[in-house]
Amino acid sequence: MTPVVLQLLNGLSFAALLFLLSSGFTLTFGLARVVNMAHGAYYLLGGYIGLTVIGLTGSFVIGVLAGGVAIALLNAVIDRFLIRRTVGQPLMQVLLTIGLVYVIAEVALLIWGGNPIRVPTPDWARGPIELPGGIFYPRYRFLLIVLGAVVAIGLWAFYRLTPIGAVVRAGVDDREMVSAIGIDIGLLFALVFALAAFLAGASGVLGGAFLTLYPHAEWDTLILALVVVIVGGLGSLEGAMAGSLIVGLIDAFGRWLYPEAAAFLMFGPMALLLLVRPQGLFGRAH
Amino acid sequence: MSMARALRMFGTIALVLAGVILLITPYAGNPFWTGLMAQILIFGLLALSVDLLMRHTGLFPMCNGAFFAVAAYTVAMLEVNYGVASPFAALAGIASAGVTGMVFGVSVRASGVYFILVTLALGQLVWGVSVQWTWLTGGDNGITNVPYPSLGDMRIGSLTQMYYFVAFVVIFFTLLYRQVIRSPFGLSLNGIRDSESRMTALGFNVTVRKYVAFVISSLFAGVAGVLYAYTVQFVSPAASSLLISVEAALMPILGGPGTVFGAFIGAVIIIGIRNVVSGFLSGWPIVMGLVFIIVVLFAPKGILGIFNDLLRRSDRRDQAADAARKDVREAEQ
């Protein structure tokens, strides 16, 4: 029984990271119809920045926040001067943001080098934690599950229960209508986009502590986020939750049961789902 | 001489020059340039396969690099591990790309952005196999020592011969490609691109046509993959990298719309950055990224598009000048 529980926890902690990573991606698409291929590059750069800040300040929390804030600021510039000029042209937007991936990843490579680096975990998150039933599990990954759950509940409550969340949902449904009744939709976009970038950057620091940061992570991470939103449905927060859980658990149990196929096991359910429900579990036809 | 005539002459000269370069490259005396030219031709063909979906059908595929890689790996494995005769190995390579295309074709059920994301993820599936199934693909070491193709006793013995073989095959398939996009089927794809609902209303089965276009695209990508395996003589996960799909998509846009030349012009620049600029600039991916960004923001019509715009503008200026001169003459009489 214990190995199953352990894999379940592995899956959940990976799912927590995936949710942090993909919730912003899916919301930006839902609201602003922006497909940002640089999301994985944001993750990587945020992770590296957090790593450096942790080295300077010695504080993991400040590192996570710094990674997130730095990427949110960078994204504000990129959005204002580049992405906004491609609104309504998905093909051009994809190519533009892919160009950004090349640039960001290469700059990161020039600064931080090509060897995988692990973000150091803080003392309070090191070592194992004993769970009910006498199961020992790495404390850091357990805390990640808790954090993922807290953020998921927080985002969901924000999205479903607050007035601003209602406006965001309305914006997803019908942008023109929302701006017609006098709401500053541009400000709303900027807000959600900043949140998405913050989450991407912060999850780079969090993920870097157990997956390490390495060149090409910008693509690996992007692919994971894409699979999550394809399974869950692009533009849906609930979809990002469901997609993260499915991908996280398939990854963990796949690595355990079929290590040979682990890297692409999650694409199987994705293809099957496409046949039955091309718009994803919670998605609407676009 | 008027601007328009100068531009036309420049266009003709460029075309003739390209033809001459195509013919004499192997005699430039440096195998590096011969190999580079061969790669430009091969990736130009791959770019055409992307363009069939991208600009002719309105779908943006991110998995053509996967078809390319499947074909390349198939040829390499059959030739190196099983000693299969080249014609059969090549056909098997193209067929394997086509079968992969038939499977990945489920993605035409998705549209717009969703199609992009789905094909991207499916393409990564092939990358996963090429990296992880070491027993099949050799993992990161890849498959080395792929021989040049042969037919019975006839054998391609040098890079120069291989180059002309590649040029012949690429030109043949480029002409075939032109037939496809000019056929009634190809024109119906343009109709789908412009308005799916209109084509459906006209009685076309849009999904089936998109699916067929997808499979045709995978076959063309497969031809490019076969040529790649034989020319480079080495297949590694780099062949299945997402970057191949991405760069192949940029090539026709960078080159420009309207003709098959655009894809090859784009290939010259992209392959040039990848193989020439990378030789003296360690941060060359930044150059590549900037090319993506500049094309999207400032030259979405590509090089040929800019050329055509210039030509049209100076034609109009010439006409205006002619009309003015005529007016003056009539007034004088």
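Residues numbered from 1 in each chain as written. Chains lettered and ligands numbered in written order. Predicted model: local features only at pLDDT ≥ 70, side-chain atom pairs only at ≥ 80, totals over all residues. Heavy atoms only, no water.

Trainee: Would you take a moment to explain the overall build of chain A for this structure?
Mentor: Looking only at helices and strands, chain A has 11 helices and 2 strands in total. Along the chain direction, N to C, the helices and strands of chain A fall in the order α-α-α-α-β-β-α-α-α-α-α-α-α. Here the C-alpha radius of gyration of chain A, 19 Å, is about what a compact globule of 286 residues would show, namely 19 Å. In terms of overall dimensions, chain A has C-alpha extents of about 60 × 45 × 35 Å along its principal axes. A total of 286 residues make up chain A; the buried ones form 55% of that total. If you take every contact in chain A between residues at least 6 apart in sequence, the share linking residues at least 24 apart comes to 75%. About 11600 Å² of surface is accessible on chain A, with carbon and sulfur atoms providing 71% of the total. (Helix = DSSP H or I, 4+ residues; strand = E, 2+ residues; numbered from the N terminus. Rg over C-alpha atoms; globule rule 2.2 N^0.38 Å. Buried < 20%, exposed > 50% of the residue type's maximum accessible area, 1.4 Å probe, protein only. Contact = heavy atoms within 4.5 Å. Areas by Shrake-Rupley, 256 points an atom, 1.4 Å probe, with all protein chains shown as cover.)

Trainee: I tried to follow the interface of chain B and chain A on my own but got confused; where do I start?
Mentor: Accessible area lost when the parts come together is the quantity often used to give the size of an interface. On the side of chain A, 45 residues touch chain B, which itself brings 42 residues to the contact. In total, chain B and chain A occlude about 3800 Å² of area from one another, counting both sides; carbon and sulfur atoms represent 80% of this. Contact with chain A buries surface across chain B, with Arg109, Tyr114 and Leu117 of chain B losing the most and accounting together for 17% of the total. Here chain B and chain A share 3 residue pairs in polar contact (both at pLDDT 80 or more) between them. (Buried area = accessible area lost by both parts, 1.4 Å probe. Polar contact = N/O pair within 3.5 Å; in protein donor to acceptor, adjacent residues only side chain to side chain.)

Trainee: Mind showing me how you'd approach the pairing of strand S2 (residues 135–138) of chain A here?
Mentor: It is a general feature of regular strands that their side chains alternate between the two faces of the sheet. Residue and element names in this part refer to chain A. In S2, alternate side chains face the same way, and those of Ile135 and Tyr137 are buried while those of Phe136 and Pro138 on the opposite face are not. Across 4 bridges, the pairing between strand S1 (residues 128–131) and S2 is antiparallel. Bridged to Pro128 within S2 is Pro138. Count of turn residues in the S1/S2 antiparallel hairpin: 3 residues, of which Gly133 carries a positive phi of about 95°. (Pairing = 2+ DSSP bridges.)

Trainee: Is there a simple way to explain a nonpolar patch on the surface in this structure?
Mentor: Residue and element names in this part refer to chain B. Taken together, Val16, Val20, Leu23, Ile24 and Tyr27 make up a surface patch of nonpolar side chains, about 530 Å² in accessible area. Take Leu23: it is sitting in helix H1 (residues 3–24). By relative accessible area, which is 56% here, Leu23 ends up exposed. (Patch = residues over 30% accessible without salt bridge, like charges linked within 9 Å, V, L, I, M, F, W, Y side chains within 5 Å. Salt bridge = Lys/Arg side-chain N within 4 Å of Asp/Glu carboxyl O.)

Trainee: How do you make sense of the side chain of Thr212 of chain A when you look at a structure like this?
Mentor: Checked against the element boundaries, Thr212 of chain A lands in the loop between helix H8 (185–211) and helix H9 (217–232). The contact partners of Thr212 of chain A, leaving out residues within four places of it in the chain, are Pro116, Ile117, Arg118 and Gly207 of chain A.

Trainee: Please clarify how helix H14 (residues 302–332) of chain B should be interpreted in this entry.
Mentor: Since the α-helix turns once every 3.6 residues, residues separated by three or four places project in the same direction. Residues and elements named next belong to chain B. End to end, H14 covers 45 Å across 31 residues, agreeing with the expected 45 Å (1.5 Å per residue, within 8%). Every buried residue of H14 is accounted for by Gly302, Leu304, Gly305, Phe307, Leu311 and Ser314. In this fold, the buried residues of H14 make contact with H1, helix H11 (242–255) and helix H12 (261–280). (Expected span 1.5 Å × (residues − 1).)

Trainee: What should I look at first to understand unusual backbone geometry in this one?
Mentor: The phi angle of most residues is negative, glycine excepted, and most peptide bonds adopt the trans form. In this model, Thr212 of chain A sits at a positive phi of 65°, which is unusual for a non-glycine residue. With a phi close to 60°, Asn145 of chain B is a non-glycine residue in the positive phi region. Topologically, Asn145 of chain B is positioned in the loop between helix H6 (134–137) and strand S1 (150–151). Here Asn145 of chain B falls in the exposed class, since its relative accessible area comes to 65%.

Trainee: Help me out: how do you make sense of the pattern of salt bridges in this one?
Mentor: A side chain of one charge can pair with a side chain of the opposite charge if their charged atoms are brought near each other. Counted under the stated rule, the structure contains 12 salt bridges over all chains. Linked by salt bridges that have partners in common, Lys301, Asp309 and Arg312 of chain B make up one network.

Trainee: Hey, could you run me through the packing of aromatic side chains in this one?
Mentor: We describe a pair of aromatic rings using the distance from one ring centre to the other and the angle between the two ring planes. Taken as a whole and judged by the stated rule, the model has 19 aromatic pairs over all chains. An angle of 45° between the planes, with centres 6.0 Å apart, marks the rings of Phe67 of chain B and Phe104 of chain B as tilted. Note that Phe67 of chain B is positioned in helix H3 (residues 64–82) and Phe104 of chain B in helix H4 (residues 86–104), a separation of 37 residues in sequence. For the pair Phe67 of chain B and Phe104 of chain B, a shared accessibility class is recorded, and that class is buried. Members of the aromatic cluster, connected to one another through ring pairs, are Phe60, Trp124, Tyr140 and Phe210 of chain A. Just above the ring of Phe29 of chain A sits the side chain of Arg33 of chain A; from NZ or CZ to the centre is 5.1 Å. (Phe/Tyr/Trp six-rings, centres within 6.5 Å; stacked < 30°, edge-to-face > 60°. Lys NZ or Arg CZ within 6 Å of the ring centre and 35° of its normal.)

Trainee: What is the right way to look at the confidence of the model for chain B in this model?
Mentor: Do not read the predicted coordinates in detail wherever pLDDT is low. Counting all residues, the mean pLDDT for chain B is 89, and 99% of those residues have values of 70 or more. Within chain B, the lowest mean pLDDT, 81, falls on H6 of chain B, and the highest, 95, falls on helix H10 (residues 206–232) of chain B. (pLDDT = per-residue confidence, 0-100.)

Trainee: Explain the side chain of Asn64 of chain B here, please?
Mentor: Residue and element names in this part refer to chain B. By the element assignment, Asn64 lies in helix H3. Looking at Asn64, its side chain comes within polar contact range of the side chain of Ser217, at 2.9 Å. When neighbours within four sequence positions are excluded, Asn64 is seen to be in contact with Leu46, Ser49, Val50, Ser217, Ala221 and Ser245.

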